[in-house]
Amino acid sequence: MDAFSQWSDRFGIPFIMLSRDKASASRQRFDALHELAHVLLHRKVTQEHLNNRTTYKILEKHADQFASFMLLPERDFLDELYAPTLDGMLS
């Protein structure tokens, strides 16, 4: 398990739990933002929706997109991309 998040009924705040066994700081940040997306965007999602495979996949895609957008803003990426080639990206 990479991470999970859940709202606490007792404290009325969300908790995000992250795995400590990641070798990549980038992956740790992605996991944290993915869970933040669930906290912000999916708070009112019911267990019934989570149990539906199609809905679950959509929610996961939303969280992945949120994390990706937060980590790599499009304008910054385009400003840094000199040539749409592998060599250009590597430089």
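Calculation notes
- Throughout, residues of each chain are indexed from 1 in the direction in which the sequence is written.
- Reporting of local features is limited, given that this is a predicted model, to residues whose pLDDT is at least 70; pairs of side-chain atoms are given and counted only at 80 or more, and all residues count toward the totals for whole chains, interfaces and linings.
- To get the side-chain values, take all heavy atoms of the structure and skip hydrogens and water.
- Here the axes come from fitting lines to C-alpha atoms, over the contacting stretch only for helices, and the angles between their N-to-C directions go from 0 to 180 degrees.
- Helix and strand definitions follow DSSP, with helices as H or I runs of at least four residues and strands as E runs of at least two, each counted in order from the N terminus.
- An angle below 35 degrees is treated as roughly parallel, one above 145 as roughly antiparallel, one from 65 to 115 as roughly perpendicular, and anything else as oblique.
- Left-handed describes a crossing whose near helix is turned anticlockwise from the far helix by less than a right angle; the clockwise case is right-handed.
- Note on definitions: a residue-residue contact is assigned when non-hydrogen atoms from the two residues lie within 4.5 Å.
- Gly counts as polar in this scheme, as do all residues outside two lists: the nonpolar Ala, Val, Leu, Ile, Met, Phe, Trp, Tyr, Cys and Pro, and the charged Asp, Glu, Lys and Arg.
- One fewer than the residue count of a helix, multiplied by 1.5 Å, yields its expected span.
- Exposure categories follow from relative accessible area, calculated using a 1.4 Å probe and restricted to protein chains: below 20% of the type maximum is buried, above 50% is exposed, and the middle band is partly exposed.
- This arc is built from the directions going out from the helix axis to the C-beta atoms.
- Put simply, two rings from Phe, Tyr or Trp (the six-membered ring, in Trp's case) pair if the centres are within 6.5 Å, and we call them stacked under 30 degrees between planes, edge-to-face over 60, tilted for the rest.
- The criterion for a charge sitting over a ring is simple: Lys NZ or Arg CZ within 6 Å of the ring centre, and within 35 degrees of the ring normal.
- Residues grouped as a nonpolar core are buried Ala, Val, Leu, Ile, Met, Phe, Trp, Tyr and Cys residues, joined through side-chain atoms within 4.5 Å.

Asker: Is there a simple way to think about the packing of helix H1 (residues 25-41) against helix H3 (residues 53-71) in this case?
Answerer: For any two helices packed against each other, one specifies the crossing angle of their axes together with the interaxial distance. In contact at an axis separation of 8 Å, H1 and H3 are set at 125° when each is read in the N-to-C sense. Judged by the angle between their axes, H1 and H3 are oblique. Where H1 crosses over H3, the handedness of that crossing is right-handed. Contacts between H1 and H3 involve Ser26, Arg29, Phe30, Leu33, His34, Leu36, Ala37, His38, Leu40 and Leu41 from the former and Leu59, Glu60, Ala63, Asp64, Phe66, Ala67, Ser68, Met70 and Leu71 from the latter. Of the residues assigned to the contact of H1 with H3, the class counts are 12 nonpolar, four polar and three charged.

Asker: Explain H3 to me, please; I cannot follow it from the model alone.
Answerer: Along an α-helix, residues three or four apart share an orientation, since each turn contains 3.6 residues. Between its first and last C-alpha atoms H3 spans 27 Å; for 19 residues at 1.5 Å apiece the expected length is 27 Å, and the two agree. Along H3, the residues that are buried comprise Leu59, Ala63, Phe66 and Ala67. Buried residues along H3 cover an arc of 95° about the axis, so they all sit on one side. What points out from H3, more than 90 degrees from its buried face, is the exposed set Arg53, Thr54, Lys57, Lys61 and Phe69. Turning to H3, the residues buried within the fold contact H1 and helix H2 (47-51).

Asker: Got a minute to help me understand the packing of aromatic side chains in this structure?
Answerer: One pass over the full model with this rule turns up one aromatic pair. Here the aromatic rings of Phe11 and Phe15 are separated by 6.2 Å at their centres, their planes lie at 65°, and the arrangement is edge-to-face. Its relative accessible area of 52% is what places Phe11 among the exposed residues. Over the ring of Trp7 we find Arg43, and its NZ or CZ is 3.5 Å from the ring centre.

Asker: What exactly am I supposed to notice about the nonpolar core here?
Answerer: Nonpolar side chains in soluble globular proteins tend to end up buried together. Counting five residues, the largest nonpolar core is built from Leu33, Ala37, Ala63, Phe66 and Ala67. Within the residue set of this core, elements represented by two or more residues are H1 and H3. The greatest single-element share of this core, amounting to three residues, is contributed by H3. With residues near it in sequence (within four places) discarded, Phe66 still touches Leu33, Leu36, Ala37, Leu40 and Leu41.

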